Amino acid sequence: MYEKDGEKYFVVDEHIHFWDASPENTTNKYGEGFIKCFYDYHANLSPDEYTWSFEKYRKYSEEDIMHDLFEVGHVDVGILQSTYLTDFYDNGFNTIERNHPLVEKYPGKFLSNFGFDPRNEEKGLEMLERDFEKYGSKGVKLYTAEWKGESHGWKLDDPWSLKHLEKCEELGIKNIHVHKGPTIWPLNKDAFDVADVDRTATLFPDLNFIVEHVGLPRLEDFCWIGTQEPNVYGGLAVAMPFIHAKPRYFAQIIGELLYWIGEDRILFASDYALWQPGWLVEKFVDFQYPEDAEFSDYAEITPDIKRKILGLNAAALYDIEVPEEMQLATAGSATGQIAAEPASPA
Amino acid sequence: MPTREAVLDALSGVRDPELDEPITDLDFVSGLEIEDGAAFVRLRLPTYFCAPNFAYLMVADAKAAVLSVTGIEQAKVVLDDHYASDEINGGVNEHRGFDGAFPKKTEGDDLEELRTTFRRKSFVSRQEQLCRAMLSDGFTPLDLSGMSLQDVPPSQEFETYLERRAELGLDVGPDAPLVVDPDGHRVPKEAVVQHLRFARTVRVSIEGNASLCRGLLATRYGIPEKEEVKQ
């Protein structure tokens, strides 16, 4: 919970990690390249006082995550999104096996989502059932650019992926977190294209599709499908830290998102340990649009809109109980814009 | 003997297709040597995992640009520090094409479709930049919808817009309408505002992505973040 100027905010950090990219766990040059790339994102976009050494960044402790999220990070509930990367790291990067013990050890603080890989075909379906039985997650995290042997990725509307999603629906796993990455098959097409999410969201109207990084670097494609598909959400991981390093860009992103998809389908995320939630929450609560013409037609972001983004929207997706004092101040009345309808895609 | 300036000038005609800016402004050119009509160029990118298809296009375009300089007979362009450096460098310098560089990893028509997709995005973004400038100069959306290219006051934004428009093969004649979609169809006057509204999202996306990439490159190589150049 965060409180400022008499306003209280319930905080759900919908995208966090507890990774191990230590040299001992790193399998090859790709794993080394991956964590270095992550570190550059961290170092480039964090305030100096929140920038770690590369050594610490590779593998941080349970004390670090508890401190950064719950002691100083204002987070009420954090959602661990498992990312396996077993071709890069001996024991995986941050697997459900590594994440889930935190859920059990600290009741009420964490949720953990496992993933599935449609390239495992029939076996993948069995694994999905087993994982659900064991962990009971209401969501899955899918990294479509994950390497697996010769394959450099998959698409959400691949036939085996659709079968896995049918299984999710059957089991009651309703939140599908989709993370696009730079490598995917076929390699000559745009890897960040979210058209597969569009098609899949139409096929599964009862599942929620949370597109991580709000589709960045294809914000426009994400906004386009967000206007078409009411069950598509945007997770702010990676977009949030621009609030410090590139505040005008952050203002444009959040303004565009509110204009196109509206205040009910945007979810706060730090992507911890890429960035720490404390400073992100504080800066977001203070956030106002810069005062110049570029921003003059964006509607004000009220405390209630911030409350929705910081926690209430994610709480609704995951049935997380929110204390009465942190509910909307103007419950029942429309507080912001209604999602718009674009004329034509580019 | 061709000068360094001439080769760099040719390289400034190569754009990152995704970021819509010259690779020279983005600081992607990290080395250039010229000897007896042979040029050797080094490129670098913001991350180890930058999409290999765009990386390939930049290496291939850089090689073609360097070879276009009078007096350059041979050119070698290499991309450093990328997970697929070997495949890309081999593919370009040994003329294997993208399909040949990544056998069995592609489908369909090499990289042309991808290039066209991003030329369309660049076009939309540059049109928005031009129209935004014109709107702030006092034109109304209704004015814009009725204008032809010959009615547009000269500006840098207009020049860039015409270049992107010509690249897509669209009409750039004086009578051609100003506001057209990426297929060249005039946008009806009642749809101009919403057309430009979506174009703005495209522009925000491209500009923001470019800004992020500049920052990542600076952090990766420990160099100062290069100023954004308004074209």
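For the structure, see preceding data.
Small disclaimer: the values here were computed from a predicted structure and weren't measured. (Residues numbered from 1 in each chain as written. Chains lettered and ligands numbered in written order. Predicted model: local features only at pLDDT ≥ 70, side-chain atom pairs only at ≥ 80, totals over all residues.)

S.K.: Looking at this structure, I do not really get the packing of helix α2 (residues 52-67) of chain B against helix α3 (residues 85-93) of chain B. What am I missing?
M.R.: Each packed pair of helices is defined by two parameters, the angle between the axes and the distance between the axes. All names here are of chain B. Where α2 meets α3, the closest approach of the two axes is 10 Å, and the angle between their N-to-C directions is 35°. Note that α2 runs across α3; the crossing there is right-handed. Mapping the contact onto sequence places P52, A55, Y56, V59, A60 and K63 in α2 and I88, N89, G91 and V92 in α3. When grouped by side-chain class, the residues that make up the contact of α2 with α3 number seven nonpolar, two polar and one charged. (Axes fitted to C-alpha atoms, helices over the stretch in contact; angles between N-to-C directions. Helix = DSSP H or I, 4+ residues; strand = E, 2+ residues; numbered from the N terminus. Left-handed = near helix turned anticlockwise from the far one by under 90°. Contact = placed C-beta atoms within 7 Å. Nonpolar A, V, L, I, M, F, W, Y, C, P; charged D, E, K, R; others polar.)

S.K.: Even after reading the chapter, I still don't get the environment of L11(B), so can you show me in this structure?
M.R.: Mapped onto the secondary structure, L11(B) falls in helix α1 (residues 4-11). The residues contacting L11(B), other than those within four sequence positions of it, are I23(B), T24(B), V29(B), A62(B), A65(B) and V66(B).

S.K.: Would you mind going over the sheet that holds strand β5 (residues 74-79) of chain B with me for this structure?
M.R.: Sheet strands pair via backbone hydrogen bonds, and the direction of the pair is either parallel or antiparallel. Residues and elements named next belong to chain B. Strand order across the open sheet formed by three strands is β3-β4-β5, with mixed pairing between neighbours. Each edge of the sheet is formed by a strand with only one pairing partner; in this case those strands are β3 (29-35) and β5. With direction set aside, neighbouring strand axes in the sheet form an average angle of 10°. Relative to β5, strand β4 (residues 38-43) is paired through six bridges, and the arrangement is parallel. Note that in β5 the partner of L43 across the bridge is L79. Contacts from α1 reach β3 and β4 within the one sheet, and its direction differs from that of β3 by about 135°. (Pairing = 2+ DSSP bridges.)

S.K.: What exactly am I supposed to notice about the sheet that holds strand β8 (residues 208-211) of chain A here?
M.R.: Residues and elements named next belong to chain A. Strands sit in the order β6-β7-β8-β9-β10 across an open sheet of five strands; the sheet is parallel. With partners counted over all chains shown, the strands left at the sheet margins are β6 (139-143) and β10 (266-267), one partner each. Pairing between β6 and strand β7 (residues 175-179): five bridges, direction parallel. The partner of G139 across the bridge, within β7, is N175.

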